Amino acid sequence: MYTLSLFSLVNVDSLPISDPDEVSLGTEFSEVMSSVASLYQELSNSQQQADLIASLRGLIERFKPVNLEDLSFPKHITTKGRPKGIKGTRLPSAFENAEHEEKQKEKARKEAAKKDEDQQGDNALKFSKKRKVPTEDDHDDLWPQKKSYRKKALTSVPSDGWCGWRALAAQYEKCKFDENRFIEVKERMLSTARANAAIYLKYVCMASEREYQYLLETLEYGVALKTAHLRTKSCPLKYWFDANTMAQIAADALETPIAVFITGAASEHTPTLYLPLSTPPSGAKPQPFALHLVGNHYFGLEMLSTIKVEWPMVARFHQDAWNELQLGGHYKSAWRHVHRAKTVINQSFYTLDE
């Protein structure tokens, strides 16, 4: 075992002390160094002492003094009490504020009920072979030049295991862009998964009945009566949102494209755009929802309507599923308002040895 005097790193006696504040700081510094030296002597072996020294060196290397020249005084200070310059009327009481807020909420509920009156029972998307397929001649009639993009910025959703559905609800107009209404998203996805079992079993779950049943079990958690009381608690890991199997169902249930971006994963993941297996609702040009998975947490990304975004390539199985549903035409024509990157098909060529 070897010994090392940590006081040799800094000469405490040579510190310039010229006022009471610096005297106090010098005393505190001496106490800290004394504590470090005592800890060093108490360590039982040289490996522990070497680890302590390495930790101290790391702290010293990462420390960066604050440049006082970059600091500035605040330009505006909010004080307590009645604001200056107000004359005549009194400030509303807490009861009056609560009453006004409740009236605004009631007004919003009535407007929402009126708007969704003709859309009741639309929790599930049932694909129809008789659904009208747009042609090149009637695109303008189906999708008039009308923009209604939301201006509200998204915020990070809680890391409670429900983040994937929360990020979708925060971008979904029928949820009033409220992340806390994420159960409504799960309900729509569950109804859609059940109504179109054959398609999802074949293309999303890779013909695995076991994978499809696990998918249903995940979507039922927090929605089914026996687990409804658990929606206010953290979601267990086995029931987290998985974009690989759920992004396509979300796109179909919400009738909106879903773009998935993944960073920080152990392996490389190519961004993917999941288009609904249906044509857009009449007269609508829904812009994609963006899900960004960082590590194991989903974020929602707000895209400005003034910026033309080139979305990722469409999931490879989409055209095959589209044809099997006999929707007619090509999804590129139906969703042509969504600017997408070109799909690159990787081909391998082999030569036979003679």
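This text gives an overview of the structure that appears in the document. (Residues numbered from 1 in each chain as written. Predicted model: local features only at pLDDT ≥ 70, side-chain atom pairs only at ≥ 80, totals over all residues. Heavy atoms only, no water.)

**With respect to the overall build of the protein**
A count of helical and extended segments in the protein gives 11 helices and 5 strands. Put simply, the protein has 354 residues, and 33% of those count as buried. Partitioning the intrachain contacts of the protein with sequence separation of at least 6 by distance along the chain shows that 67% fall at a separation of at least 24. Summed over its atoms, the accessible surface of the protein is roughly 24200 Å², and 54% of this surface lies on carbon and sulfur atoms. (Helix = DSSP H or I, 4+ residues; strand = E, 2+ residues; numbered from the N terminus. Buried < 20%, exposed > 50% of the residue type's maximum accessible area, 1.4 Å probe, protein only. Contact = heavy atoms within 4.5 Å. Areas by Shrake-Rupley, 256 points an atom, 1.4 Å probe, with all protein chains shown as cover.)

**Structural notes on the pairing of strand S4 (residues 297-301)**
Sheet analysis places strand S3 (residues 289-294) next to S4, joined by 5 bridges and oriented antiparallel. Following the sheet pairing, Leu293 is matched in S4 by Tyr298. (Pairing = 2+ DSSP bridges.)

**What about the side chain of Thr256?**
Among the structural elements, Thr256 can be located in the loop between helix H9 (243-254) and strand S1 (258-263). Among the residues examined, Thr256 registers a relative accessible area of 6% and is labelled buried. Looking at Thr256, its side chain comes within polar contact range of the main-chain oxygen of Leu254, at 2.9 Å. (Polar contact = N/O pair within 3.5 Å; in protein donor to acceptor, adjacent residues only side chain to side chain.)

**Side note on the pairing of S1**
When S1 meets strand S2 (residues 272-274), the two strands line up antiparallel, connected through 3 bridges. Across the sheet, the residue bridging to Ala259 is Leu273, located in S2. The sheet contact formed by S1 and S3 spans 6 bridges and is parallel. Bridge pairing in S3 places Ala259 opposite Ala290.

**Re unusual backbone geometry**
The backbone of Phe177 shows a phi angle near 55°, a positive value even though the residue is not glycine. If you trace the backbone, Phe177 turns up in the loop between helix H5 (163-169) and helix H6 (182-195). Residue Phe177 is classed as partly exposed on the basis of its relative accessible area, which comes to 23%.

**Quick word on the sheet that holds strand S5 (residues 313-314)**
If you trace the 5 strands from one edge of the open sheet to the other, you get S4-S3-S1-S2-S5, paired in mixed fashion. Whereas interior strands pair on both sides, the edge strands pair on one side only; in this sheet they are S4 and S5.

**Quick word on the nonpolar core**
Counting residues in each nonpolar core, the largest one holds 61 residues, and the members touching the most others are Trp165, Leu168, Val185, Met189, Leu219, Phe241 and Ile258. Looking at this core element by element, the count peaks at 8 residues for H9. In contact with Leu219, other than residues within four places in its own chain, are Trp165, Lys186, Met189, Leu190, Ala193 and Met246. (Core = buried A, V, L, I, M, F, W, Y, C linked by side-chain atoms within 4.5 Å.)

**A word on the pattern of salt bridges**
Under the criterion given, the structure shown has 9 salt bridges. Across the pair Glu179 and Arg166 runs a salt bridge whose closest N-O atoms are separated by 3.4 Å. A residue pair is termed long-range when its members are at least 10 positions apart, and Glu179 in the loop between H5 and H6 and Arg166 in helix H5 qualify at 13 residues. Note on accessibility: Glu179 and Arg166 belong to one class, buried. Where Glu217 meets Lys238, a salt bridge forms, and the shortest distance between an N and an O atom there is 3.8 Å. (Salt bridge = Lys/Arg side-chain N within 4 Å of Asp/Glu carboxyl O.)

**Quick word on the environment of Ile53**
Note on placement: Ile53 falls in helix H2 (residues 46-62). On a C-alpha basis, the gap between Ile53 and Val36 in space is 9.9 Å, while along the polypeptide they are 17 residues apart.

**Focus: the environment of Leu327**
When you line up the elements, Leu327 lands in the loop between helix H10 (318-324) and helix H11 (331-334). For Leu327, a relative accessible area of 6% gives the class buried. With 48 residues separating them in the primary sequence, Leu327 and Thr279 have C-alpha atoms 8.3 Å apart.

**Digging into the state of the cysteines**
What we call a disulfide is simply a covalent bond connecting the sulfur atoms of a pair of cysteines. This model, assessed by the stated rule, comprises 0 disulfides. Free cysteine: Cys163, not disulfide-bonded; nearest cysteine sulfur from Cys235 at 9.0 Å. Judged by relative accessible area, which is 6%, Cys163 ranks as buried. (Disulfide = S-S within 2.5 Å.)

**Describing the packing of aromatic side chains**
A full pass over the atoms with the stated rule returns 9 aromatic pairs. Ring centres 6.3 Å apart and planes at 55° place the aromatic pair Trp162 and Trp165 in the tilted group. A relative accessible area of 0% places Trp162 in the buried class. Looking at Trp165, the relative accessible area reads 0%, which means it is buried. Their ring planes at 35° and their centres at 5.1 Å tell us that Trp162 and Phe182 sit as a pair that is tilted. With Trp162 in the loop between helix H4 (139-142) and H5 and Phe182 in helix H6, the pair connects residues that are 20 residues apart, well separated along the chain. (Phe/Tyr/Trp six-rings, centres within 6.5 Å; stacked < 30°, edge-to-face > 60°.)

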